[in-house]
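# Secondary and tertiary structure notes
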Amino acid sequence: MIKVLNTETMDLRTSEDIVLVRQAVRRKAIDLGLGLVDQTKVVTASSELARNTVDYGGGGLARIEVVQNDRRSGLRLIFEDKGPGISDIDLALKDGFTSGHGMGLGLGGAKRLSHEFEISSAPGEGTCVSILRWK
Amino acid sequence: MERIPILKMGEFLLVTIQVDMHDRLALTLQDDLTQSIVKHHARGVLIDISALEMVDSFIGRMIGSIAGMARLLDAQTMVVGMQPSVAITLVELGLSLEGIRTALDVEKGMAALQLAVAETRQDLDDQGSQY
């Protein structure tokens, strides 16, 4: 059972918002006591996913949660948009796949940098990506 | 408009990235640097990222583009000062910045850049003497 200890929700519209989200993630990661490498991994993953929300989802929300189960605590990040959605999620997770002008490392990279990764999306119904990094 | 300063040091340009760059600022830097290379006839570009606590795929791509554009304009690029945690994360992300020269700090980077530029000059001289 995962318990949510606290939540912060932020708007994601512009490239400045991406910076604000990764700064907030850095603060939470430090508060949680994550080491420097783990902080950097979760901040980098948040930057990739936040950019996806802005560039492909047409903007949305980022939710930063400090969570806990019976053994440990962690940081869960949820990125939600009401954009066009993804029709082939497996393809979108492949490195090098991009529908835009990026490098296609965003989703797959964020997954590799996290302990847990979930995505739900359908054409016309937006996208929700959630990652979790345990302490 | 917000801009990252570009310093001219002899035939090299030095850029120290000290802020958490948003995407548009990164693109502006890319444009400014290519213009400066031509304006100052620079032979090398040194990018100091020691203050950067994170390099994501966007910034990584920008560094790669700068190196590629600089090469087309006859200048070499050296990225210096990457933090170990950034290097670990970049590789896991899937970005190893292949083909980009790196050094541990500005001093070592400057020395390597001077050597590299001297070598290309030497090559040109050698070719010239054959004819």
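Refer to the structure printed above.
Notes on the structure in this doc start here. It should be emphasised that the depicted structure is a prediction, and the values quoted were computed from it without experimental measurement.

### Re the sheet that holds strand 1 (residues 6–9) of chain B
Residues and elements named next belong to chain B.
- Ordered by their spatial adjacency, five strands build an open sheet running 1-2-3-4-5, and the pairing between neighbours is mixed. Every interior strand has two partners, whereas the edge strands, strand 1 and strand 5 (101–103), have only one. Neighbour-to-neighbour, the strand axes of the sheet open up by a mean angle of 25°, direction not taken into account.
- As paired strands, strand 1 and strand 2 (residues 12–16) are joined by four bridges and run antiparallel to one another. Across the sheet, K8 pairs through a bridge with L13, a residue of strand 2.
- Taken strand by strand, helix 1 (residues 23–39) contacts strand 1, strand 2 and strand 3 (44–48), and its axis lies near 160° from that of strand 2.

### Details of the pairing of strand 1 (residues 3–12) of chain A
Residues and elements named next belong to chain A.
- Among the 10 residues that make up strand 1, one are buried, leaving the element largely open to the surroundings.
- Note that strand 1 and strand 2 (residues 60–68) share nine bridges and pair antiparallel. Of the residues in strand 2, the one forming a bridge with L12 is G60.

### Focus on the sheet that holds strand 3 (residues 73–81) of chain A
All names here are of chain A.
- Spatially, 1-2-3-5-4 is the arrangement adopted by the five strands of the open sheet, whose pairing is antiparallel. Every other strand in the sheet has two partners, leaving strand 1 and strand 4 (116–121) as the edge strands with one partner each. Along the sheet, successive strands turn relative to each other by an average axial angle of 15°, direction set aside.
- With six bridges connecting them, strand 4 and strand 5 (residues 127–134) associate as antiparallel partners. The residue bridging I119 from the neighbouring strand is V129, located in strand 5.
- Against the sheet, helix 1 (residues 15–32) makes contact with strand 1, strand 2 and strand 3, and its axis sits at roughly 160° relative to strand 1, the strand it touches most.

About the cut-offs
Residues numbered from 1 in each chain as written. Chains lettered and ligands numbered in written order. Predicted model: local features only at pLDDT ≥ 70, side-chain atom pairs only at ≥ 80, totals over all residues. Pairing = 2+ DSSP bridges. Helix = DSSP H or I, 4+ residues; strand = E, 2+ residues; numbered from the N terminus. Axes fitted to C-alpha atoms, helices over the stretch in contact; angles between N-to-C directions. Contact = placed C-beta atoms within 7 Å. Buried ≥ 20, exposed ≤ 12 C-beta atoms within 10 Å, placed from the backbone.

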